[in-house]
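Chain by chain, the residues:
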Amino acid sequence: MSAASCLLSEDQFLCSICLDVFTDPVSTPCGHNFCKNCIRQHWDISDRCQCPMCKKVFQTRPELHVNSFISEMVSQFRLEAQQKVNSSSISEQQAAKPGEVPCDVCTGTKLKALKSCLVCLASYCQTHLEPHLAASRLKRHQLIDPEENLEGRMCMKHDKPLELFCKTDQTCVCMLCCVFDHKTHEFVPLREECEGKKAELVKTEAEIQQMIIKRRLKIQEIKESVKMSKDAEDREKAEGVQVFTALKESVDRCLKKLIKEIEEKQETTEKQAEGFIKDLEQEISELMKRSSEVEQLSRSKDHLHLLQSFSSLKAAPTTKDWTEVSIHPPSYEGTVVRAVVRAVGRLKETLSKDMKKLFEAELKRVQQYAVDVTLDPDTAHPYLILSDDGKQVHCGEEENDLPDNPERFSEFPIVLGKQSFSSGRFYFEVQVNKTEWALGVARESVNRNEVMTLSPKNGYWTVGVCENICVAVDDLPVHLPLQSGPQKVGVFVDYEEGLVSFHDVDDVDVIYSFSCFSFTEKLYPFFCPGGNDGGKNSDPLIICPVNQ
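Colleague: What am I meant to see in the overall build of the protein chain here?
Modeller: The number of helices and strands found in the protein chain is nine helices and 23 strands. If you line up the protein chain on its principal axes, its C-alpha atoms span 205 × 110 × 35 Å. When each of the 548 residues of the protein chain is scored for burial, the buried share is 31%. Of the contacts made within the protein chain by residues no fewer than 6 positions apart, 57% connect residues no fewer than 24 positions apart. A total accessible area of about 35,600 Å² is found for the protein chain, and carbon and sulfur atoms account for 53% of it. Seen as two clouds, the 67 positive and the 86 negative side-chain charges of the protein chain have centres 8 Å apart.

Colleague: Looking at this model, I keep getting lost on the pairing of strand S23 (residues 541-544). Mind explaining?
Modeller: Residues in a regular strand point their side chains to alternate faces of the sheet. Sheet analysis places strand S12 (residues 392-395) next to S23, joined by two bridges and oriented antiparallel. Bridging across to S23, Val393 finds its partner in Leu541.

Colleague: Whenever I open this one, the sheet that holds strand S6 (residues 122-124) confuses me. Can you help?
Modeller: The strands making up a sheet associate through backbone hydrogen bonding, with each pair oriented either parallel or antiparallel. The sheet built from three strands is open, its strands ordered S6-S5-S7 with antiparallel pairing. Two strands lie at the open edges of the sheet, namely S6 and strand S7 (143-144), each paired on one side alone. Of the pairings in the sheet, the one linking strand S5 (residues 115-117) to S7 comprises two bridges and is antiparallel in character. By the bridge assignment, Cys117 is partnered in S7 with Leu143.

Colleague: Can you walk me through the sheet that holds strand S19 (residues 488-494) in this structure?
Modeller: Here we have seven strands laid out as an open sheet, ordered S11-S12-S23-S14-S19-S20-S21, and antiparallel in their pairing. The open sheet is flanked by strand S11 (384-386) and strand S21 (509-514), the only strands paired with a single partner. If you compare each strand with its neighbour and ignore which way they point, the axes differ by 20° on average.

Colleague: What should I look at first to understand the nonpolar core in this one?
Modeller: When a protein is soluble and globular, its nonpolar side chains tend to lie buried together. Of all hydrophobic cores here, the largest spans 35 residues; its most connected members are Trp437, Leu439, Val500, Phe502, Phe527 and Leu541. If you look at the next biggest cluster of nonpolar residues, it comprises 17 residues, including Phe22, Phe34, Cys51 and Ile70.

Colleague: Help me understand empty space enclosed by the protein in this model?
Modeller: Rolled over the atoms, a probe as big as a water molecule pinpoints where empty space is left. Summed over all chains, the structure comprises one cavity of 30 Å³ or more. Computed from the structure, the largest cavity encloses a volume of approximately 30 Å³. Contributing to the lining of the largest cavity are Cys254, Lys257, Ala339, Arg342, Ala343 and Arg346. Elements with a minimum of two residues in the lining of the largest cavity: helix H7 (190-298) and helix H9 (335-367). Residue contributions to the lining of the largest cavity peak at four residues, all from H9. A class-by-class count of the residues in the lining of the largest cavity yields three nonpolar, no polar and three charged.

Colleague: Can you walk me through a nonpolar patch on the surface in this structure?
Modeller: Where nonpolar side chains cluster on the molecular surface, the patch consists of Leu176, Val179 and Phe180 and spans about 280 Å² of accessible area. Within the element layout of this structure, Val179 appears in helix H6 (residues 175-180).

Colleague: Got a minute to help me understand the environment of Lys197 in this structure?
Modeller: With respect to the secondary-structure elements, Lys197 resides in helix H7. Owing to a relative accessible area of 30%, Lys197 belongs among the partly exposed residues under this scheme. Sequence-distant contacts of Lys197, defined by excluding residues within four places in its chain, comprise Phe165 and Gln170.

Colleague: It is not clear to me how the packing of aromatic side chains should be interpreted in this structure. Could you clarify?
Modeller: How two aromatic rings sit relative to each other is given by the distance of their centres and the angle of their planes. Going through the model one piece at a time under the given rule, you end up with 13 aromatic pairs. Ring geometry for Phe421 and Phe426: centres 3.9 Å apart, planes at 15°, overall stacked. Judged by its relative accessible area of 0%, Phe426 falls in the buried class. On the numbers, 5.1 Å between centres and 90° between planes, the contact of Trp461 with Phe519 is edge-to-face. Here Trp461 is found in strand S16 (residues 460-466), whereas its partner Phe519 is found in the loop between S21 and strand S22 (523-528), with 58 residues between them in sequence.

Colleague: Sorry if this is basic, but what is going on with the pattern of salt bridges here?
Modeller: Pairing of side chains with opposite charge becomes possible as their charged atoms draw close. One pass over the structure, following the stated rule, counts 18 salt bridges. A salt bridge links Glu267 to Lys271, with the nearest nitrogen and oxygen atoms 3.5 Å apart. You can see Glu267 and its partner Lys271 sitting in helix H7, four residues apart, about one turn around the helix. A relative accessible area of 54% places Lys271 in the exposed class. For Asp494, the salt bridge is made with Arg425, and the minimal N-O distance between the two is 2.9 Å. With Asp494 in strand S19 and Arg425 in strand S14 (residues 425-431), this pair connects stretches of sequence that are 69 residues apart. Among the ionic contacts, a cluster of salt bridges with common partners joins Lys230, Glu233, Asp234 and Lys237.

Colleague: How should I be thinking about the state of the cysteines in this particular structure?
Modeller: Covalent bonding between the sulfur atoms of two cysteines is what defines a disulfide. In this structure the tally under the stated criterion is zero disulfides. Residue Cys49 stays outside any disulfide, its sulfur separated by 9.5 Å from that of Cys51, the closest cysteine.

Quick notes on the rules
- Residues numbered from 1 in each chain as written.
- Predicted model: local features only at pLDDT ≥ 70, side-chain atom pairs only at ≥ 80, totals over all residues.
- Heavy atoms only, no water.
- Helix = DSSP H or I, 4+ residues; strand = E, 2+ residues; numbered from the N terminus.
- Buried < 20%, exposed > 50% of the residue type's maximum accessible area, 1.4 Å probe, protein only.
- Contact = heavy atoms within 4.5 Å.
- Areas by Shrake-Rupley, 256 points an atom, 1.4 Å probe, with all protein chains shown as cover.
- Lys, Arg positive; Asp, Glu negative; His and termini not counted.
- Charge placed at Lys NZ, Arg CZ, Asp CG, Glu CD.
- Pairing = 2+ DSSP bridges.
- Axes fitted to C-alpha atoms, helices over the stretch in contact; angles between N-to-C directions.
- Core = buried A, V, L, I, M, F, W, Y, C linked by side-chain atoms within 4.5 Å.
- 1 Å grid on protein atoms, 1.4 Å probe; cavity = no way out; pocket = protein on both sides within 12 Å on 5 of 7 lines; lining within 4 Å.
- Points joined across faces, edges and corners; volume = space filled by probe spheres on them.
- Nonpolar A, V, L, I, M, F, W, Y, C, P; charged D, E, K, R; others polar.
- Patch = residues over 30% accessible without salt bridge, like charges linked within 9 Å, V, L, I, M, F, W, Y side chains within 5 Å.
- Salt bridge = Lys/Arg side-chain N within 4 Å of Asp/Glu carboxyl O.
- Phe/Tyr/Trp six-rings, centres within 6.5 Å; stacked < 30°, edge-to-face > 60°.
- Disulfide = S-S within 2.5 Å.

This is how it looks when you write it as structure tokens:
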């Protein structure tokens, strides 16, 4: 139906009194149509009974009957108009999508609900929500954002809204629950409990954010560790290339010198042989010339000429005695060996310089992990004497009266550090101006009351000096080829790598390294100053500050 036909039809069905669509239309005797109530009220207040349209006066008040034909036409018009309104409303509002709460009243296309009513237990679109916004009785209903499971907001036992929170049972209840099932419990409105829970959620959110920050920092730390590892990889590669390039160049130089020496010997031999051959060929030429002259003279028939020439031909030409002349091939015995010895010497010199640089770089790296170590008197053997600051220890001549302690060493003059380490890296330095000593680390569970070897299998990773011999106690004792005993020793541990290395701080050298171990316990710094030996070994072990 077009817009013009709609307006025409609407005009035809309007009451001229109320100007609205007919309600119970009736016709007057003059043929005009009005709402039944409208014409009755009009005649009730008028002095005379007349038609409002044509002003025709009726002597007696006409009996009015509903015009069924016009009534049916009005009904049809109202139905079509309502369908158009509904169609327009649907087009303007949004249909409910999957996951959205639909209107419970819509019969055709389910529109998206704007609100849910906790009293009606229904959800409404904009059109069907109007009564709750307009009617005073419905305005008292509690509206919430669209909720699909409205039954979950009702008490299953009393079929009433869950409006209170039982703090005793920590559950939501209705008003009747307070009277019957929870009458001795403590209640608060849901809003009040929600405020408290929101405060907890704010705190929880802050904690979560803090955890997120910590994890982001940990990610940054891990990335930084990877970067440091990459830098270390590049540095080690560069140092390795530098050292082995120097070695290769040194070997190449020695090889070139060896080849040149051999070639020069061969060249001398060849020049000597060429000289001999040239002289021999010259003599051969002269001898062949004399042979030709002798042959011609022997064939001569001139007796006088033969006799006169014979004396000059008989004398042999001046030639060299080649009997003792020979070419002696050059002797190469020992040439390669001597070259190798020279190369090894140069390699040692090159290695010494390069290794010195490497050891210096390595020492600087491990010194970055320096920790403050102090001695633990509760672990000290009764013969040991510790300084007040816990930085020095030496062995006395008499046993000290000390309290029994399960952590104390009873068989060896040993003391541990107070500090323990179960991860990461650590480093400390000790002055060892003594004739006998041992240093290193020990695991927490070592047996402290029995005589045993200070080896890794017993929980010790140590090096030391005994009878002027430097020894590392591995599976078997390893004698270390040091020219002189170190004066200051650095101990470095990488827990995760299973590495314990010992450094000669003054000579910048690596004394010994234990590697590829799997640490599972706490590690403690280990100190053994050795026996007093009548005062010959009375100097203390001194824990020194690390000077990078």
